[in-house]
Amino acid sequence: RKLHPDRPGITESAFTIDPGHFQLETNLLRVRRGRENGQRRRELHLNQATLKLGLTEQTDAQVVLESYIREAEWTHGAQPARRRGFGDVTLRLKHNLFGDDVTTGGALAVAGYVRLPTGGAVGEGGPEAGLSLPFTYIFVPGTELSVQLRGQRSYDRNEGAPYWAVLPAATVNHEFTRWLG
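Residues numbered from 1 in each chain as written. Predicted model: local features only at pLDDT ≥ 70, side-chain atom pairs only at ≥ 80, totals over all residues. Heavy atoms only, no water.

**Some details on the overall build of the protein**
Counting its regular elements, the protein contains 0 helices and 9 strands. Taken from the N to the C terminus, the helices and strands of the protein come in the order β-β-β-β-β-β-β-β-β. For 181 residues, the compact-globule estimate of 2.2 N^0.38 gives 16 Å, and the C-alpha radius of gyration of the protein, at 17 Å, lies within 12% of that figure. Judged by the C-alpha coordinates and their principal axes, the protein covers about 55 × 30 × 25 Å. Residue pairs at least 24 apart in sequence account for 53% of intrachain contacts in the protein once pairs closer than 6 positions are excluded. Just so you have it, the protein exposes about 10,400 Å², and 59% of that area is on carbon and sulfur atoms. (Helix = DSSP H or I, 4+ residues; strand = E, 2+ residues; numbered from the N terminus. Rg over C-alpha atoms; globule rule 2.2 N^0.38 Å. Contact = heavy atoms within 4.5 Å. Areas by Shrake-Rupley, 256 points an atom, 1.4 Å probe, with all protein chains shown as cover.)

Put into structure tokens, the structure is as follows:
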């Protein structure tokens, strides 16, 4: 099958990989910045890798490794609190409901995950779990729209308590050349 990468934290594709095949996807470098309620945050992720194994024609298993994270949090005028190290490990299972082999048209999957709090100071601080419904529509080969709805039980490190979240997401992918998309 054609490569349709999953992007945990952004959107996932509705496609799985062929049974018996192994695939490695990675964000070699990802920088995130944010501001909420006067609190600022900056994150640097190096080699956030997704390891995938095709189990059946419609199902694959995945392990997401956060190889190295460097974080800084601060309020205006204060010294930042800095953390760094290996992040959490996420175990995922995705099953395609229809459209796994389409060259144009739609595909829908369901994916469940559990995030294990292996990251210590840089991880989420507690276990998390969720379920997502990714849908991908291929307009023409090389141009696709991916949308997903994810419900998850997250963990708030600062509050020391879990909470529920619903996260919609959408991306448009276009392949300009074989090597640039």
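**A short note on the nonpolar core**
With 5 residues, the main nonpolar core is built from Ala 14, Phe 15, Ala 107, Ala 109 and Ile 138. With sequence-adjacent residues up to four places away left out, Ala 14 is seen in contact with Asn 96, Asp 100, Ala 107, Leu 108, Ala 109, Pro 134, Phe 135 and Thr 136. (Core = buried A, V, L, I, M, F, W, Y, C linked by side-chain atoms within 4.5 Å. Buried < 20%, exposed > 50% of the residue type's maximum accessible area, 1.4 Å probe, protein only.)

**Focus on a positive patch on the surface**
A contiguous patch of positive charge on the surface is contributed by Arg 33, Arg 35, Arg 42, Arg 70, Arg 82 and Arg 84. Those elements that provide at least two residues to the positive patch are strand S1 (22–36) and strand S4 (81–85). Along the chain, Arg 70 turns up in strand S3 (residues 59–75). Its relative accessible area of 48% is what places Arg 70 among the partly exposed residues. (Patch = residues over 30% accessible without salt bridge, like charges linked within 9 Å, V, L, I, M, F, W, Y side chains within 5 Å. Salt bridge = Lys/Arg side-chain N within 4 Å of Asp/Glu carboxyl O. Lys, Arg positive; Asp, Glu negative; His and termini not counted. Charge placed at Lys NZ, Arg CZ, Asp CG, Glu CD.)

**Observations regarding the layout of surface pockets**
If you add up the space inside the largest pocket, you get close to 1,300 Å³. Contributing to the lining of the largest pocket are 47 residues, with Arg 32, Arg 41, Glu 43, Glu 124 and Tyr 163 lying nearest its centre. Of all the elements in the fold, those that place two or more residues in the lining of the largest pocket are S1, strand S2 (39–54), S3, strand S5 (89–98), strand S6 (105–116), strand S8 (143–156) and strand S9 (161–174). Counted by class, the lining of the largest pocket contains 12 nonpolar, 12 polar and 23 charged residues. Approximately 420 Å³ is the volume attributed to the second largest pocket. Considering the residues around the second largest pocket, the lining is formed by 21 residues, among which Lys 2, Leu 3, Pro 5, Arg 7 and Glu 175 are closest to the centre. Of the residues belonging to the lining of the second largest pocket, the class tally is 5 nonpolar, 10 polar and 6 charged. (1 Å grid on protein atoms, 1.4 Å probe; cavity = no way out; pocket = protein on both sides within 12 Å on 5 of 7 lines; lining within 4 Å. Points joined across faces, edges and corners; volume = space filled by probe spheres on them. Nonpolar A, V, L, I, M, F, W, Y, C, P; charged D, E, K, R; others polar.)

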